[in-house]
Amino acid sequence: MDTFKQYILQVEMGGDVNAGFIGRRNGNYDDRMARRKLTPILYDADRLLRRRDKLQSDELKIQAQKLLDKFVSGYESLGDEATDLKGKIADRYTKIKQLLKSQNVTGA
């Protein structure tokens, strides 16, 4: 085991925790696995941003909040390294947050 974090995740937490996208062959970060898991969330965010005018305010807020939660868990599971995927997640997160902020202003 290389790091204390790996030790905690594998030994103390039973190893069943999804702590990143680690390939089975070499034990390193697998970008393809991460993209396969997180691309649908990015797609859902783009779809929500495109359809924001067609949804009711309450439904828009609920869907946006669910996406924000998924973004946070997905971002944390990518580990500490800066990747292109993390940049895309951060960009969509910011856009969804701005959408929620604009809904609160217009809805009030």
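In what follows, the accompanying structure is described. Here the structure is a predicted model, which is why all the values come from computation and not from measurement.

Some remarks on the overall build of the chain
Right, so step 1: The helix and strand inventory of the chain stands at four helices and zero strands.
Right, so step 2: Reading the secondary structure of the chain in the N-to-C direction produces α-α-α-α.
Right, so step 3: Burial analysis of the chain (108 residues in total) assigns 27% to the buried set.
Right, so step 4: Taking all contacts inside the chain whose residues are at least 6 apart in sequence as the whole, residues at least 24 apart take part in 55%.
Right, so step 5: Working note: accessible area of the chain is about 7,900 Å², and carbon and sulfur atoms make up 49% of it.

With respect to helix α3 (residues 57-77)
Right, so step 1: Over its 21 residues, α3 extends 30 Å from the first C-alpha to the last, a length consistent with the 30 Å expected when each residue adds 1.5 Å.
Right, so step 2: Within the span of α3, buried status applies to Leu-60, Ala-64, Leu-67, Leu-68, Phe-71, Gly-74 and Ser-77.
Right, so step 3: Two residues or fewer past α3, Gly-79 is found with a positive phi of approximately 85 degrees.

What to know about the environment of Asp-58
Right, so step 1: With respect to the helices, strands and loops of the structure, Asp-58 is situated in helix α3.
Right, so step 2: Here Asp-58 falls in the exposed class, since its relative accessible area comes to 55%.
Right, so step 3: For the pair Asp-58 and Gln-103, spaced 45 residues apart in sequence, the C-alpha separation works out to 9.4 Å.

Details of the environment of Glu-76
Right, so step 1: Tracing the sequence through the fold places Glu-76 in helix α3.
Right, so step 2: Expressed as a C-alpha distance, the spacing of Glu-76 and Lys-86, which sit ten residues apart in the sequence, is 9.3 Å.

Here we look at the packing of aromatic side chains
Right, so step 1: Counting across every chain of the model gives zero aromatic pairs.
Right, so step 2: A cation over a ring is seen here: Lys-86 above Tyr-75, with NZ or CZ 4.6 Å from the ring centre.

Details of the pattern of salt bridges
Right, so step 1: Applying the stated rule across the entire model yields five salt bridges.
Right, so step 2: The shortest N-O distance in the salt bridge between Lys-88 and Asp-84 comes to 3.9 Å. With Lys-88 and Asp-84 both in helix α4 (residues 84-107), this residue pair falls four residues apart, about one helical turn.
Right, so step 3: Linked by salt bridges that have partners in common, Asp-46, Asp-91, Arg-92 and Lys-95 make up one network.

Some words on helix α2 (residues 31-50)
Right, so step 1: Look at α2: 27 Å from first C-alpha to last across 20 residues, which is about the 28 Å you get at 1.5 Å a residue.
Right, so step 2: Bending of α2 peaks at approximately 35 degrees at the position of Leu-38, with proline Pro-40 no more than four residues after it.
Right, so step 3: Looking at α2, one finds that the buried residues are Ala-34, Leu-38, Ile-41, Leu-42, Ala-45, Leu-48 and Leu-49.

Calculation criteria
Residues numbered from 1 in each chain as written. Predicted model: local features only at pLDDT ≥ 70, side-chain atom pairs only at ≥ 80, totals over all residues. Heavy atoms only, no water. Helix = DSSP H or I, 4+ residues; strand = E, 2+ residues; numbered from the N terminus. Buried < 20%, exposed > 50% of the residue type's maximum accessible area, 1.4 Å probe, protein only. Contact = heavy atoms within 4.5 Å. Areas by Shrake-Rupley, 256 points an atom, 1.4 Å probe, with all protein chains shown as cover. Expected span 1.5 Å × (residues − 1). Phe/Tyr/Trp six-rings, centres within 6.5 Å; stacked < 30°, edge-to-face > 60°. Lys NZ or Arg CZ within 6 Å of the ring centre and 35° of its normal. Salt bridge = Lys/Arg side-chain N within 4 Å of Asp/Glu carboxyl O. Bend = angle between axes of the 7 residues up to and from the residue.

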